[in-house]
Amino acid sequence: MEPFDVVVPQFRHAKERWPEAPTLATHYDAVVKSYESSAYGIIGSVKSFIECVCLTILGEFGKASPSDASTTLLLGEALRALGLDSGRGASKLGKLLSAHNKMADALNEMRNEHDPVAHGKDGFLDALTTNECRAFLVTADTILTLIL
């Protein structure tokens with residue numbers, strides 16, 4: 001198995017971007033541990049990491065975080081704080097941002113369907129394949145690339 005930081009380097013870059021954010025470092029460690037231990041809980045860990053990055057950005061810009069927000073909503077708020085608003089796909093950048101929002105939606109859907117601890121699911125569900133985990137991680141890494 002390739003090292004985590006080789007497969008998805010933006011997770012480490014995000015952690016290094018905000019070294020004073022202990023919760024982000026904790027989420028990073030959880031994602032790496034999940035990756036190294038056959039991916040149990042990796043979907044929830046990845047989703048939490050992206051949400052933590054978004055919340056960190058909102059805090060950095062003095063923006064209130066929406067309560068009970070989805071990953072997609074948090075991503076949108078973080079992108080607005082960074083001056084990147086999708087404009088509903090009206091421009092080439094808008095189309096790119098819209099695609100990233102769709103990826104965030106997909107992460108939510110995958111977590112709800114496949115994460116063994118999502119929404120009280122039992123522990124007898126089938127584990128994700130290596131390729132499914134890689135696709136999930138690369139999607140999250142792509143979102144982090146845009147944010148960073």
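A word on the overall build of the chain
When helices and strands are tallied, the chain shows seven helices and zero strands. The secondary structure elements of the chain, listed N-terminal to C-terminal, are α-α-α-α-α-α-α. Relative to its full complement of 148 residues, the chain shows a buried share of 42%. A fraction of 61% describes how many contacts in the chain between residues 6 or more apart in sequence connect residues 24 or more apart.

A short note on the pattern of salt bridges
Under the criterion given, the structure shown has six salt bridges. In this structure, Glu2 and Arg134 form a salt bridge, with 3.4 Å as the shortest nitrogen-oxygen distance. In this pair, Glu2 sits in the segment before helix H1 (4-7) while Arg134 sits in helix H7 (residues 130-147), placing the two residues 132 residues apart along the sequence. The exposure class of Glu2 is partly exposed, given its relative accessible area of 39%. Within this structure, Asp5, Arg12 and Glu16 form a network of salt bridges that share partners.

Here's the deal with the packing of aromatic side chains
Counted under the stated rule, the structure contains four aromatic pairs. Look at Phe4 and Tyr28: their rings are 6.0 Å apart centre to centre, the planes differ by 75°, and that puts the pair in the edge-to-face class. Here Phe4 is found in helix H1, whereas its partner Tyr28 is found in helix H3 (residues 22-36), with 24 residues between them in sequence. Residues Phe4 and Tyr28 agree in their burial class; the two are buried. An aromatic cluster of at least three residues, connected via ring pairs, comprises Phe4, Phe11, Tyr28, Tyr35 and Phe49.

As for the nonpolar core
Phe4, Phe11, Val46, Phe49, Val53 and Leu137 are the most contacted members of the largest nonpolar core, which totals 35 residues. Of all the secondary structure elements, the ones that give two or more residues to this core are H1, helix H2 (10-17), H3, helix H4 (42-60), helix H5 (71-81) and H7. At 10 residues, H4 tops the list of elements feeding residues into this core. If sequence neighbours within four positions are ignored, Phe4 has contacts with Phe11, Tyr28, Val31, Val32, Tyr35 and Leu137.

Basis of the calculations
- Residues numbered from 1 in each chain as written.
- Predicted model: local features only at pLDDT ≥ 70, side-chain atom pairs only at ≥ 80, totals over all residues.
- Heavy atoms only, no water.
- Helix = DSSP H or I, 4+ residues; strand = E, 2+ residues; numbered from the N terminus.
- Buried < 20%, exposed > 50% of the residue type's maximum accessible area, 1.4 Å probe, protein only.
- Contact = heavy atoms within 4.5 Å.
- Salt bridge = Lys/Arg side-chain N within 4 Å of Asp/Glu carboxyl O.
- Phe/Tyr/Trp six-rings, centres within 6.5 Å; stacked < 30°, edge-to-face > 60°.
- Core = buried A, V, L, I, M, F, W, Y, C linked by side-chain atoms within 4.5 Å.

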